[in-house]
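Secondary and tertiary structure notes
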Amino acid sequence: AEAAVWIARLTRNHEKIRRGASIRAAQSIAEIAEALMKTKLEFSEAMLNAALLALPTRIEFEQTEDASEVIEKIAKQVIESIQSGRIEDLKKKT
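Residues numbered from 1 in each chain as written. Predicted model: local features only at pLDDT ≥ 70, side-chain atom pairs only at ≥ 80, totals over all residues. Heavy atoms only, no water.

**Thoughts on the overall build of the chain**
Selection criterion: Numbering of helices and strands runs from the N terminus; a helix is a DSSP stretch of H or I covering at least four residues, while a strand is a stretch of E covering at least two. Classification of residues uses two cut-offs on accessible area relative to the type maximum, computed with a 1.4 Å probe and protein chains only: under 20% is buried, over 50% is exposed, and between them is partly exposed. Contacts between residues were defined by any pair of non-hydrogen atoms, one from each residue, lying within 4.5 Å. The accessible surface values rely on the Shrake-Rupley method and a 1.4 Å probe; as for residues, cover is taken only from the protein chains in view.
Scanning the chain from terminus to terminus reveals 5 helices and 2 strands. In the chain, the succession of helices and strands from N to C terminus is α-β-α-α-β-α-α. Counting only C-alpha atoms and orienting by the principal axes, one finds that the chain spans roughly 35 × 30 × 20 Å. Buried residues in the chain amount to 36% of all 94 residues. Contacts in the chain between residues far apart in sequence, at least 24 positions, make up 62% of those at least 6 positions apart. Surface summary for the chain: the accessible area is close to 5,700 Å², and the carbon and sulfur share equals 47%.

**What about the side chain of T11?**
To keep things clear, this is the line we draw: We define a polar contact as two N or O atoms separated by no more than 3.5 Å, with the added condition that, inside protein, one atom must be a possible hydrogen donor and the other a possible acceptor, whereas residues neighbouring each other in sequence contribute only through side-chain atom pairs.
Its location among the elements puts T11 in helix α1 (residues 2-11). Exposure remark for T11: the relative accessible area of 1% places this residue in the buried category. Within the local environment of T11, its side chain forms a polar contact with the backbone nitrogen of A21, the two atoms lying 2.8 Å apart. Beyond its immediate chain neighbours, meaning those up to four positions away, T11 contacts I17, G20, A21, L55, I59 and I74.

Bear in mind that shape data such as this cannot, by itself, settle questions of function.
Put into C-alpha cells, the structure is as follows:
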C-alpha cells in the first residue's frame, strides 16, 4: 500500500499532469497490485501494471499522448526507491 500512496503523491506534482491522483486512486492501485501478486507476479511488475491500469482514468494529463510513459516513469521511480530503501528520495519530491 505504501508504494501505491507514493505513486499517487508523485502524480500531484508532476509537470505533465494537470490533476493528480487521489487517495482512492492509491487504494485502487493497491487492490489491483494485491490481486496481481496472487497470480504470482513479482511486486515490481504487479505495482507497475496496477498503476498503468488504475491511473489513466483517475488523473488528468497536460497531453494525453504522454500518459502511459509518465505513469510508468513515476511507478518505476517509486518501486526502485522502495526496493533500495531510499524512501527519503521520494519525500524530497513531494
